[in-house]
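Coordinate inspection notes
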Amino acid sequence: MKKVPKVVIIGLDSATWTVIRPWMAEGSMPNLARLMKSGVSGGLESVLPPITPPAWTSFMTGKNPGKHGIFHFVETEHGGYAMNYANATSRRSPTVWKLLNQAGYSVGTMNIPFTYPPEPLDGFQISGMDTPSESSPFIHPPELRNELVRHLGEIQLDLRFLGAMSTDERRDQVLAEMEQMDQQWTKAALYLLENHPQDVMMFVFMSIDTVQHYFWQHMDKDHFIHDPKLVPKFGDAIRKVYERLDAAAGQIIDRLPSDTAVFVVSDHGGGPVVDRTIYLNRYLAQLGLLHYKEKATTSGLSTLGKKVLRGGYSLLRSTLTSRQKSRLALLFPKIVQKTEMAYSAFTSIDWSRTKAYCSEVLASPPSIWINLKGVKPQGIVDPADYEALVNHIIAKLAELKDPRNGKPVINRVYRRDEIFHGPFAKEGADLVLDWWSENSLFSTQPSFPEDTDKPALIIREHKPSETSEWGGTHRLHGILVARAPALRTGAEIENSHLIDIAPTVLHLLGVSVPQDMDGSVLTSAFRPEFLAENSVKSGAASGTSEGDRSSGYTDEESAKVEERLQALGYLE
Ligand SMILES: [Zn+2]
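Residues numbered from 1 in each chain as written. Predicted model: local features only at pLDDT ≥ 70, side-chain atom pairs only at ≥ 80, totals over all residues. Heavy atoms only, no water.

Protein-derived coordination of the zinc ion comes from Asp-13 (OD), Asp-13 (OD), Thr-52 (OG1), Asp-267 (OD) and His-268 (NE2), at a distance range of 2.0 to 2.7 Å. As a motif over one chain, the donors of the zinc ion read D-x38-T-x214-D-H. Pair noted here: Asp-13 is in the loop between strand 1 (7-12) and helix 1 (17-25) and His-268 is in the loop between strand 9 (261-265) and strand 10 (269-272), with a separation of 255 residues, a long-range link. The exposure class assigned to Asp-13 is buried, which follows from its relative accessible area of 0%. The exposure class assigned to His-268 is buried, which follows from its relative accessible area of 0%. (Donors = N, O, S within 2.8 Å, 3.2 Å for Na, K, Ca; no water. Helix = DSSP H or I, 4+ residues; strand = E, 2+ residues; numbered from the N terminus. Buried < 20%, exposed > 50% of the residue type's maximum accessible area, 1.4 Å probe, protein only.)

Moving on, we get to the nonpolar core. Generally speaking, soluble globular proteins have nonpolar side chains that are buried together. Formed by 65 residues in total, the largest nonpolar core has its most connected members in Ile-20, Phe-203 and Ile-252. When residues of this core are assigned to their parent elements, the largest contribution, 11 residues, is made by helix 7 (residues 168-195). Contacts of Ile-252, omitting those with residues within four sequence positions, involve Val-8, Ile-10, Ala-189, Leu-190, Leu-193, Phe-203 and Phe-205. By size, the runner-up hydrophobic cluster in this structure holds 52 residues, among which are Val-107, Met-206, Phe-263 and Ala-484. (Core = buried A, V, L, I, M, F, W, Y, C linked by side-chain atoms within 4.5 Å. Contact = heavy atoms within 4.5 Å.)

Turning next to the sheet that holds strand 15 (residues 431-433). Across the sheet, which stays open at both edges, the four strands sit in the order 12-13-15-14 with antiparallel pairing between neighbours. The open sheet has two edge strands, strand 12 (356-358) and strand 14 (413-415), and neither has a second partner. Strand after strand, the sheet turns through a mean of 25° between neighbouring axes, direction not considered. (Pairing = 2+ DSSP bridges. Axes fitted to C-alpha atoms, helices over the stretch in contact; angles between N-to-C directions.)

What follows is about the sheet that holds strand 16 (residues 443-444). Ordered in space as 16-11-17, the three strands form an open sheet in which the pairing is mixed. Each having just a single partner strand, strand 16 and strand 17 (457-459) make up the two edges of the open sheet.

So, about helix 6 (residues 142-152). For helix 6, the complete set of buried residues consists of Leu-144, Glu-147 and Leu-148. Mapping the buried residues of helix 6 onto a view down its axis gives an arc of 100°, with all of them on the same face. Within helix 6, the exposed residues directed more than 90 degrees away from the buried face are Pro-142, Glu-143 and Arg-150. On the buried face of helix 6, the contacting elements are strand 6 (123-127), strand 7 (139-140) and helix 7. (Arc of directions from axis to C-beta.)

Packed helices, taken two at a time, are described by the angle their axes make and the gap between the axes. At a minimum axis distance of 10 Å, the contact between helix 7 and helix 10 (residues 237-254) shows a crossing angle of 10°. The orientation of helix 7 with respect to helix 10, classified from their angle, is roughly parallel. Together, Leu-175, Met-178, Glu-179, Asp-182, Thr-186, Ala-189, Leu-190 and Leu-193 of helix 7 and Ala-237, Val-241, Arg-244, Leu-245, Ala-248, Gln-251 and Ile-252 of helix 10 make up the contact between the two elements. Among the residues making up the contact of helix 7 with helix 10, the classes are represented as 10 nonpolar, two polar and three charged. (Parallel < 35°, antiparallel > 145°, perpendicular 65-115°, else oblique. Nonpolar A, V, L, I, M, F, W, Y, C, P; charged D, E, K, R; others polar.)

Turning next to the confidence of the model for the protein chain. Here the protein chain shows a mean pLDDT of 87. Residues at 70 or above account for 84%. The low-confidence segment residues 298-346, where pLDDT is below 50, has 92 contacts with residues more than four positions distant or belonging to other chains. (pLDDT = per-residue confidence, 0-100.)

Considering the arrangement of structural elements, one finds Ser-524 in the loop between strand 22 (513-514) and helix 19 (528-533). With 28 residues separating them in the primary sequence, Ser-524 and Ser-496 have C-alpha atoms 9.2 Å apart. Not counting residues up to four positions away in its chain, the partners in contact with Ser-524 are Arg-488 and Ile-493.

For the rest of this paragraph, the subject is the packing of helix 2 (residues 30-38) against helix 10. Look at helix 2 against helix 10: their axes get within 7 Å of each other, and the N-to-C directions meet at 55°. As the angle between them shows, helix 2 and helix 10 are arranged oblique. Residues Pro-30, Asn-31, Leu-32, Arg-34 and Leu-35 of helix 2 touch helix 10, and the partners they reach there are Asp-246, Ala-247, Gly-250, Ile-253 and Asp-254. Grouping the constituent residues of the contact of helix 2 with helix 10 by class yields five nonpolar, two polar and three charged.

Take unusual backbone geometry next. Of note, the bond from Leu-48 into Pro-49 is cis; its omega dihedral lies within 30 degrees of zero at -10°. In this fold, Pro-49 is placed in the loop between strand 2 (40-45) and helix 3 (52-61). In this model, His-140 is joined to Pro-141 through a cis peptide bond whose omega is -5°. Looking at the element boundaries, Pro-141 is found in the loop between strand 7 and helix 6. In this structure, Phe-114 is a non-glycine residue whose phi angle is positive, near 60°. Positionally, Phe-114 belongs in the loop between strand 5 (107-112) and strand 6. Backbone geometry at Asn-495 places phi at a positive 60°, although glycine is not the residue there. Residue placement: Asn-495 occurs in the loop between strand 20 (491-492) and strand 21 (496-497). Its relative accessible area of 66% is what places Asn-495 among the exposed residues.

For Thr-523, the position within the fold is in the loop between strand 22 and helix 19. Each C-alpha atom of the pair Thr-523 and His-507 lies 9.6 Å from the other, and the pair is 16 residues apart in sequence. Not counting the four nearest positions on each side in its chain, Thr-523 is found in contact with Leu-531 and Val-536.

You can see His-226 is positioned in the loop between helix 8 (207-219) and helix 9 (231-234). There is a polar contact of 2.6 Å between the side chain of His-226 and the backbone oxygen of Gln-217. (Polar contact = N/O pair within 3.5 Å; in protein donor to acceptor, adjacent residues only side chain to side chain.)

Here the focus is the pattern of salt bridges. Under the definition given, this model contains 28 salt bridges. One salt bridge connects Asp-516 with Lys-63, and the closest N-O pair in it is separated by 3.1 Å. Of the two residues, Asp-516 sits in the loop between strand 22 and helix 19 while Lys-63 sits in the loop between helix 3 and helix 4 (65-68), which places them 453 residues apart along the sequence. Neither Asp-516 nor Lys-63 differs from the other in exposure class; each is buried. Counted as one network, the salt bridges with shared partners bring together Asp-275, Arg-276, Asp-402 and Arg-404. (Salt bridge = Lys/Arg side-chain N within 4 Å of Asp/Glu carboxyl O.)

Structure (structure tokens):
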């Protein structure tokens, strides 16, 4: 007999209530609205920092990044300064999918970020955004791929032209491709539901995240790069994506029996980028905590390579053909390994005199590392001085004030041990700066040695942007909507965390919750009668493993990932 899914999870990367609620009030997104009425809903607090790789990995493991080992798109090489691209190989805690398999439930997942290479699940797994390219083995079992291609055509993983949206034509092109990808994944989800149903299934859609990053400024008239001329064409770009995915969710839900549990979740929220830009390494240099080599050099790079680095990759984004881009991207891993994959490092930090530094290559998540003796190869900070140095940096960061209101730009700096717990916590950055809270919003830009005397904080001019840049970024709170016979109806629930979903799904299926999961069962979502008859069972720890991190990507694969992340705007 054909399986009937017991739990279906729909992931809408970056979906946020701040935009959904007003639109829903106007009658938009009827499927999500119906789901809310028949179940529970509320905010869903992400992990810190609220970025896609640790967020979805915490969702899948029920654990904080210190226990699963994924903190970022990149990870520091053991005992070095170099950064490599992370993928699912760096995850060192079992997923809820494996735990469900062990409990006898089959699982099928589609397009969840940080699931490459795919897990050999009982069921299937189609990897998400960390898949290096369409030619990578990103589907388990491999024969499912041929079947999908036969029925749905070749699978497209990427949008082209994201970084080159300086004309309306290109913007239209990106939006059209985004729609094609949503259609592709919707068709795939419906096909899998029909032909490969599993006990637990999950389908993720990424386009809300992408459209929010690149189109937020067009719907927000107060945005510092808002262009009123573009409103008629692109003012509703984000809303259209939400409405399209609401329809997709409706199609999925319509195919399910009413007693199938349905969850709609996002890994974090979204909001506008603001006009405050901080140059962190420049600031650390001004404080005397970071030093550049006397003769900062980018030797070893070709002229073109230097130009690309200096141009902030914008040259690469806007003027090269895609073939040229891929050739350059193939060059990058070598450059990256040699030069630590940060602008600051490209232009040569003098490690022998540097106490603290930031990896500035990534667009959004600013964090600071301490050049600690015994940890970093050229560490100069004595462990005995660590606390004092960290306190000093936190105090100095608080001195960066918005000249317009005299208030600190960075409202909070987290020490590593405040947010990461577990065997891999030490792999996280020493300091994580809050860039996601409404009273602590800013972005960062790479620093260059010759600009050290320029201000570390600038307020961006309010005028339309000439280049393709982010108008939107992440916020801490995503969304949760869930319906199931065991859950309450029409109820709003509070204080839900992304890491609570895994234990909640386990409990819903009568599986005990590993005692080392950091999340807890969302008891406030359940009907009291269900809880009275089914008390939460705590089970043996799911544990952690010491996986081999270095085997993540080959050079060629990491080039492909780099190209994709650049295209998505995650790399400067
Ligand atoms: Zn995300």
